[in-house]
Amino acid sequence: MNPFSISEQSRIIEMAWEDRTPFEAIRNHFGLAESEVIKLMRSTLQPSSFRLWRKRVNGRKTKHLKRRQATVSRAYCPSQYKHR
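Per chain, the residues get numbers from 1 upward, laid out in the order the sequence is written. In keeping with the model being predicted, local features are shown solely for residues with a pLDDT of at least 70 and side-chain atom pairs are shown and tallied solely at 80 or more, while totals for entire chains, interfaces and linings include all residues. Remark: hydrogens and water are excluded; side-chain values derive from all non-hydrogen atoms of the structure.

### A closer look at the nonpolar core
Stated precisely, the cut-off is as follows: The definition of a nonpolar core used throughout is a set of buried Ala, Val, Leu, Ile, Met, Phe, Trp, Tyr and Cys residues joined through side-chain atoms within 4.5 Å. Type-normalised accessible area, obtained with a 1.4 Å probe on protein chains alone, sets the label of each residue: buried when under 20%, exposed when over 50%, and partly exposed for intermediate values. Numbering of helices and strands runs from the N terminus; a helix is a DSSP stretch of H or I covering at least four residues, while a strand is a stretch of E covering at least two. Contacts are assigned to residue pairs that have any heavy atoms within 4.5 Å of one another.
With 18 residues, the main nonpolar core has Ile12, Ile26, Phe30, Leu32, Val37, Met41 and Trp53 as its most contacted residues. Listed by contribution, the elements that provide at least two residues to this core are helix H1 (6-17), helix H2 (23-30), helix H3 (34-44) and helix H4 (47-57). Once residues within four sequence positions are removed from consideration, Met41 is found in contact with Ile13, Ala16, Trp17, Phe50 and Trp53.

Written out as structure tokens, the structure is:
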């Protein structure tokens, strides 16, 4: 059984898709380890979307705090959340 509401699941999925949001941030906010995020993504997304996400995330240095460069100081790029 999934303990998260639909809006929480949506936010976890959104954070998982974001290139600069590390898995550690998801763990801090929702208590999910990387393997649990992968399970949630697999059970929630369509198979083709899951494969696309895994291909995108695999090897991406910004998804792990220990692997990211010190110059990456934000969880999102400046143009990601444009306000009017």
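### Focus: H3
Stated formally: The arc refers to the directions leading from the helix axis to the C-beta atoms.
Taken together, the buried positions of H3 are occupied by Val37, Ile38, Leu40 and Met41. Taken down its axis, H3 places every buried residue within 165° of arc, on the same side. For H3, exposure combined with an orientation more than 90 degrees from the buried face picks out Lys39, Arg42 and Ser43. Contacts made by the buried residues of H3 are with H1, H2 and H4.

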